[in-house]
Amino acid sequence: MTLVVGLGCQRGCDVHSLLSLFDTALADAGIARHRITALASIDRKQAEPGLLALARLLELPLQCFGAEHLTGYEDRLSHKSAVAFAHTGCYGIAESAALALVEQLSQRPARLLITRKKSAQATFALACAD
């Protein structure tokens with residue numbers, strides 16, 4: 001099963017905040033860290049130090065997508081954020097990025113296994129293809 005974590009974060013969000021959200025969301029769902037295939041986000045976060053540090057720490061690839069690509073997943077989001085749209089041009093980074101990468105990797109339709117989880121500085125979602 002392809003499992004991809006989508007992440008969104010505020011500028012300057014540190015790796016510890018991201019890891020805490022990542023581990024808490026997975027633990028709540030009973031999913032082991034080693035089952036995750038990759039991380040995904042929006043292209044404007046591809047140089048974000050916290051995201052890069054998380055990818056290195058977890059030894060997972062990080063794939064980023066443009067807002068125009070992510071808008072194609074709007075109708076499948078559990079939550080549409082006007083704040084995210086104002087800043088990025090898409091309504092949900094974590095969920096849409098996770099869905100996009102699962103479909104790219106598996107060449108099959110993706111679904112959200114864990115819908116948007118939010119901390120003070122970041123968002124998390126988990127998508128899969130069976």
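Above this note sits the structure.
Everything numeric here is computed off the predicted structure, so don't read it as measured data.

Peer 1: Residue-level account of the pattern of salt bridges, with values.
Peer 2: Tallied over the entire structure, the rule returns two salt bridges. Salt-bridge contacts for E103 lead to R76; the nearest nitrogen and oxygen are separated by 2.9 Å. With E103 in helix α5 (residues 93–106) and R76 in the loop between α3 (67–70) and α4 (82–88), this residue pair connects regions lying 27 residues apart in the sequence. Owing to a relative accessible area of 32%, R76 belongs among the partly exposed residues under this scheme.

Peer 1: Talk me through the layout of surface pockets; I want residue IDs and the actual numbers.
Peer 2: Here the largest pocket is characterised by a volume of approximately 550 Å³. Going through the elements one at a time, β1 (2–9), α4, α5, β4 (111–118) and β5 (122–129) are the ones with two or more residues in the lining of the largest pocket. Tallying contributions element by element places α4 first for the lining of the largest pocket, with four residues. Its residues placed into classes, the lining of the largest pocket shows eight nonpolar, nine polar and seven charged.

Criteria and cut-off values
Residues numbered from 1 in each chain as written. Predicted model: local features only at pLDDT ≥ 70, side-chain atom pairs only at ≥ 80, totals over all residues. Heavy atoms only, no water. Salt bridge = Lys/Arg side-chain N within 4 Å of Asp/Glu carboxyl O. Helix = DSSP H or I, 4+ residues; strand = E, 2+ residues; numbered from the N terminus. Buried < 20%, exposed > 50% of the residue type's maximum accessible area, 1.4 Å probe, protein only. 1 Å grid on protein atoms, 1.4 Å probe; cavity = no way out; pocket = protein on both sides within 12 Å on 5 of 7 lines; lining within 4 Å. Points joined across faces, edges and corners; volume = space filled by probe spheres on them. Nonpolar A, V, L, I, M, F, W, Y, C, P; charged D, E, K, R; others polar.

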